[in-house]
Amino acid sequence: MNRFYIQTYGCQMNVADTDRMTALLERSGGEAVGRPEEADLILLNTCSVREKPELKVYSRLGDLRKLKRGNPNLLLGVCGCQAQREGEEILRNAPYVDLVIGTANVDRVSELVQQVRATGQRLVALEMPKRGTPSWMAPDPHMTTDLIDLLPEDRAPAHGKLKAFVPVILGCDFACSYCIVPRTRGPERSRPVGDVLGEARALAQSGTKEVMLLGQTVDAYKAYYRADDGPESRVFGLADLIWLLNDVDGLERIRFTSPHPMLMSDALIDAVAECPKACEWIHLPVQSGSDAVLKRMARRYNRARYLDRIHRIRQAMPQGGITTDIIVGFPGETEEQFQETLSLVEEVRFDGAYMFAYSPRPGTPAHGWEGEVPQEEKIDRLNRLIAVQNRISRERNEEQLGRTVEVLVEGASEHGEGLFTGYTRENKTCHLPGHPGLVGRVLQVRATRAAQWGFFGEPLERVGAALPVLA
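Calculation notes
- Residues numbered from 1 in each chain as written.
- Predicted model: local features only at pLDDT ≥ 70, side-chain atom pairs only at ≥ 80, totals over all residues.
- Heavy atoms only, no water.
- Phe/Tyr/Trp six-rings, centres within 6.5 Å; stacked < 30°, edge-to-face > 60°.
- Lys NZ or Arg CZ within 6 Å of the ring centre and 35° of its normal.
- Helix = DSSP H or I, 4+ residues; strand = E, 2+ residues; numbered from the N terminus.
- Buried < 20%, exposed > 50% of the residue type's maximum accessible area, 1.4 Å probe, protein only.
- Contact = heavy atoms within 4.5 Å.
- Axes fitted to C-alpha atoms, helices over the stretch in contact; angles between N-to-C directions.
- Parallel < 35°, antiparallel > 145°, perpendicular 65-115°, else oblique.
- Left-handed = near helix turned anticlockwise from the far one by under 90°.
- Pairing = 2+ DSSP bridges.
- Right-handed = clockwise from strand over helix to strand, strands pointing away.
- Nonpolar A, V, L, I, M, F, W, Y, C, P; charged D, E, K, R; others polar.
- pLDDT = per-residue confidence, 0-100.
- Expected span 1.5 Å × (residues − 1).
- Arc of directions from axis to C-beta.
- Core = buried A, V, L, I, M, F, W, Y, C linked by side-chain atoms within 4.5 Å.
- Salt bridge = Lys/Arg side-chain N within 4 Å of Asp/Glu carboxyl O.

1. Some points on the packing of aromatic side chains
In this structure the tally under the stated criterion is seven aromatic pairs. Across the ring face of Phe 236, the terminal group of Arg 234 is positioned such that the distance to the ring centre comes to 3.9 Å. We note Arg 449 situated over the ring of Phe 456; from NZ or CZ to the ring centre the distance is 4.1 Å.

Quick look at the structure:
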């Protein structure tokens, strides 16, 4: 029996890919282990969005080479976006690596591992789906998809997980000038509605309470489907899918990430606001507050369009959470244009943000552009942005003190003995006094103390045991 260990870098899609590979390897007789030293197969599932994660992978490969020297049966593989981007280059840089698996080939992981073991030859699998007829234009709801349909018995990795990632669309047809995703994930492909619903039902049966629908541009989701009570097939979008998932027994919460502002429709906003199981939280990447920078980024919207969508979200969900992504130091960005980003952050008052200094990515349109911002200036702008957003995040949380929030309790907190942690519907962290029996329960909690990251709170209902006093 192969004992395998997978280390995951990067985004939620990579986590979902790791779950899929885990299920497939277990299906073929493998056993997941908790330490690389125990494994006969080690896979690094990698990210290429920025340079730093790629460098970390090579550093980690250097560490793992020592294990390979001591275990001649150990196979070492690299998967994910870095594997797709670099391919054969990984074998040249790290000749002790046995296999490189691109993003569209993770479903072949068992076959590829067996092939390397049988032949003793190193292997690179990078085949990417060709761009063709969009799946939503085909009346067959089971049109070809490169996502495996995992049955309940195959979802062992998800068993007991309160929260799970469910990919609904792969690839991206946008061409943002800074982004490597179209190259590493390929063209846009939506999963059949029936497959998504089937996976959600299987997850709910295994104990999952919350699903996060994933896609590089998740609101581009389109698939042909005929509902049970529908007279004929029609195209279903993300808003329709959310309403269908609302009827899955056992599922209590639905989220999605990451949408594109150009595709953020009123129907989708209304679905989040009105669907009982949809959480009132939207992560809407803005990247920059400057129209000039957005144009160079090829984002296809301007500041006014973005603010219009924010206004519509606030109208529909006054207490809802809004988070974002922001890049500073994009080629050609001036101080004045950076100030436009700061002013947008002050105007929107995001609940939180992922903030980055621009990292040139080989293979993207912006790589090698003139006007590169000096690294020290990038870091200075990033630090100033972080300071502004951290202040706003804390202020937003302080505004919620005394409010009752719904919390899905996930486990023990690191903030003190007797405390447990979970997330509100608005995707804010909440620490509350509790006991292990609360894990998996949804509680009504009063926010009593604010921090930059979220709240401390007190349960409003009897929870079956004496609770410690929250200081």
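2. Considerations on the environment of Lys 209
Topologically, Lys 209 is positioned in the loop between helix 7 (193-205) and strand 10 (210-214). Judged by its relative accessible area of 24%, Lys 209 is partly exposed. Here the alpha-carbon distance between Lys 209 and Leu 67, two residues 142 residues apart in the chain, equals 38 Å. Apart from the residues lying within four places of it in its own chain, the contact partners of Lys 209 are Lys 161, Leu 162, Gly 250, Leu 251, Glu 252, Arg 253, Leu 408 and Gly 440.

3. Here we look at the packing of helix 9 (residues 266-274) against helix 11 (residues 303-316)
Put simply, helix 9 and helix 11 touch, their axes get as near as 9 Å, and they point 30° apart. The angle between helix 9 and helix 11 places the two elements in the roughly parallel class. In the crossing of helix 9 with helix 11, the sense of the turn from one axis to the other is right-handed. Taken together, the residues of helix 11 that come into contact with helix 9 (itself represented by Asp 266, Ile 269, Asp 270 and Ala 273) are Arg 309, Arg 312, Ile 313 and Ala 316.

4. A word on the sheet that holds strand 10
Pairing is parallel across the open sheet formed by three strands, whose spatial order is 7-10-13. A single partner strand is all that each edge strand has here, and the edge strands are strand 7 (163-167) and strand 13 (253-257). Between one strand axis and the next, the sheet turns through 25° on average, direction left out of account. Note: strand 7 against strand 10, five bridges, orientation parallel. Of the residues in strand 10, the one forming a bridge with Phe 165 is Met 212. Helix 7 rests against strand 7 and strand 10 of the sheet, and its axis sits at about 165° to strand 7.

5. Details of the environment of Pro 192
Position of Pro 192 among the secondary structure elements: in the loop between strand 9 (189-190) and helix 7. As for Pro 192 and Gly 70, which are separated by 122 residues in sequence, their C-alpha atoms are 46 Å apart.

6. Some thoughts on the pairing of strand 3 (residues 41-46)
Burial analysis of strand 3 places six of its six residues in the buried class, which makes it a mostly covered element. Residues Leu 41, Leu 43 and Asn 45 of strand 3 are buried on one face, and the alternating residues Ile 42, Leu 44 and Thr 46, pointing to the opposite face, are buried as well. As paired elements, strand 1 (residues 3-8) and strand 3 share five bridges and run parallel to each other. In the strand pairing of strand 3, Tyr 5 is matched with Ile 42. Of the pairings in the sheet, the one linking strand 3 to strand 4 (residues 75-79) comprises five bridges and is parallel in character. If you follow Asn 45 over to strand 4, its bridge partner there is Cys 79. Once you follow strand 3 into helix 2 (residues 51-70) and on to strand 4, the crossover reads as right-handed.

7. Things to note about the packing of helix 12 (residues 335-348) against helix 13 (residues 375-398)
Helix-helix packing is described using two parameters, namely the angle between the two axes and the distance between the axes. Relative orientation of the contacting elements helix 12 and helix 13 amounts to 15°, with a least axis distance of 10 Å. When the axes of helix 12 and helix 13 are compared, the pair comes out roughly parallel. As for the relative orientation of helix 12 and helix 13, their crossing is right-handed in sense. Here helix 12 contributes Glu 335, Phe 338, Gln 339, Leu 342, Val 345 and Glu 346 to the contact with helix 13, which in turn contributes Glu 377, Arg 381, Arg 384, Leu 385, Val 388, Gln 389, Arg 391 and Ile 392. Looking at the contact of helix 12 with helix 13 residue by residue, the class counts come to six nonpolar, two polar and six charged.

8. What to know about the confidence of the model for the chain
With 91% of its residues at a pLDDT of 70 or more, the chain shows a mean pLDDT of 90. For the stretch residues 135-159, pLDDT sits under 50, and the model shows 55 contacts to residues farther than four places along the chain or on other chains. Note that residues 465-471 has pLDDT below 50 and, in this model, 15 contacts with residues that lie over four places away or in other chains.

9. Brief notes about helix 12
Given a rise of 1.5 Å per residue, 14 residues ought to cover 20 Å, and the 20 Å separating the end C-alpha atoms of helix 12 matches this to within 8%. Those residues of helix 12 that fall on the buried side of the exposure criterion are Gln 337, Phe 338, Thr 341, Leu 342, Leu 344, Val 345 and Val 348. Within helix 12, the buried residues cover an arc of 155° as seen down the axis, which keeps them to one side. Considering only its buried residues, helix 12 is in contact with helix 10 (291-297), helix 11, strand 15 (321-328) and helix 13. Trailing helix 12 by a residue or two, Arg 349 shows a phi angle of about 60°, which is positive.

10. Some points on the nonpolar core
Among the nonpolar cores identified, the biggest contains 60 residues, and Leu 213 and Phe 256 are the most heavily contacted of them. Among the elements that make up this core, the one with the highest residue count is helix 7 (six residues). Not counting the four nearest positions on each side in its chain, Phe 256 is found in contact with Met 212, Leu 213, Val 218, Leu 238, Ile 242, Met 264, Leu 268, Val 272, Trp 281 and Ile 282. By size, the runner-up hydrophobic cluster in this structure holds 20 residues, among which are Tyr 9, Ile 42, Val 57 and Leu 74.

11. Focus on the environment of Gly 171
Position of Gly 171 among the secondary structure elements: in the loop between strand 8 (169-170) and helix 6 (181-185). Note on Gly 171: relative accessible area 1%, which makes it buried. Along the sequence, Gly 171 and Thr 217 sit 46 residues apart, while their C-alpha atoms lie 8.0 Å from each other. Those residues in contact with Gly 171 that lie beyond four places of it in its chain are Arg 185, Gly 186, Pro 187, Glu 188, Arg 189 and Gln 216.

12. Re the pattern of salt bridges
Tallied over the full model, the rule gives 44 salt bridges. For Glu 86, the salt bridge goes to Arg 85, with nearest N and O atoms at 3.2 Å. Grouping residues by exposure puts Glu 86 and Arg 85 together as buried. Each member of the salt-bridge network shares a partner with another, and the members are Glu 346, Arg 349, Asp 351, Arg 391, Glu 395, Arg 396, Glu 399 and Lys 428.

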